[in-house]
Amino acid sequence: MIGVADCECIIYNAHSLKDKRAVLQRILTRIRQKFNVSAAEVGYHDVWQRTSIAIAAVSEGKAGAEHELQNALKLIDSFPEIERTITEIEWL
């Protein structure tokens, strides 16, 4: 089972693309290190305070993939400088 979470986020304190990339790099690196998922920025590349992050998990069953995705989403929520606004999860 493959699960893909696409989240749109707002980074309030980013005043340049450099600020945005610093926050995103920290978050994406931590997600990749802690969980068995792939994560990348997939949208709003040229916008300072907005981003779209995709997280993909592959597992033998839906429960395993959902557990990894939910843990990765909780990690995003734990960062005070970013706010998750819209999250869509798709199963393949």
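Caption draft 1: Here's a closer look at the overall build of the chain. When its secondary structure is counted, the chain shows two helices and four strands. Taken over the C-alpha trace, the chain has a radius of gyration of 13 Å; the compact-globule value for 92 residues is 12 Å, and the two agree within 12%. Burial statistics for the chain: of 92 residues in total, 37% are counted as buried. Long-range pairs, those at least 24 residues apart, make up 69% of the contacts in the chain with a sequence separation of at least 6. Approximately 5400 Å² of the chain is accessible, and the part contributed by carbon and sulfur atoms is 51%. Treating the 11 positive side-chain charges of the chain as one cloud and the 13 negative ones as another, the clouds have centres 6 Å apart.

Caption draft 2: Focus on the side chain of S52. If you trace the backbone, S52 turns up in strand β3 (residues 50-58). The class of S52 is buried, set by a relative accessible area of 6%. In terms of polar contacts, S52 uses its side chain to reach the side chain of D6, at 2.9 Å. Discounting chain neighbours no more than four positions away, the residues touching S52 are D6, C7, E8, A40, E41, V42, G43 and Y44.

Caption draft 3: The nonpolar core, seen in detail. Core analysis: the largest hydrophobic core is formed by 24 residues, its most contacted members being I27, I31, I53, I55, I76 and I82. Broken down by secondary-structure element, the contributors of at least two residues to this core are β1 (2-10), α1 (17-34), β3 and α2 (62-78). At six residues, the largest contribution of residues to this core is made by α2.

Caption draft 4: Spatial organisation of α2. Across its 17 residues, α2 extends 24 Å between first and last C-alpha, which sits within 8% of the 24 Å expected from 1.5 Å per residue. Looking only at α2, the buried set comprises A65, L69, N71, A72, L73, L75 and I76. In the core, the buried residues of α2 are packed alongside β1, α1, β3 and β4 (83-91).

Procedures and definitions
Residues numbered from 1 in each chain as written. Predicted model: local features only at pLDDT ≥ 70, side-chain atom pairs only at ≥ 80, totals over all residues. Heavy atoms only, no water. Helix = DSSP H or I, 4+ residues; strand = E, 2+ residues; numbered from the N terminus. Rg over C-alpha atoms; globule rule 2.2 N^0.38 Å. Buried < 20%, exposed > 50% of the residue type's maximum accessible area, 1.4 Å probe, protein only. Contact = heavy atoms within 4.5 Å. Areas by Shrake-Rupley, 256 points an atom, 1.4 Å probe, with all protein chains shown as cover. Lys, Arg positive; Asp, Glu negative; His and termini not counted. Charge placed at Lys NZ, Arg CZ, Asp CG, Glu CD. Polar contact = N/O pair within 3.5 Å; in protein donor to acceptor, adjacent residues only side chain to side chain. Core = buried A, V, L, I, M, F, W, Y, C linked by side-chain atoms within 4.5 Å. Expected span 1.5 Å × (residues − 1).

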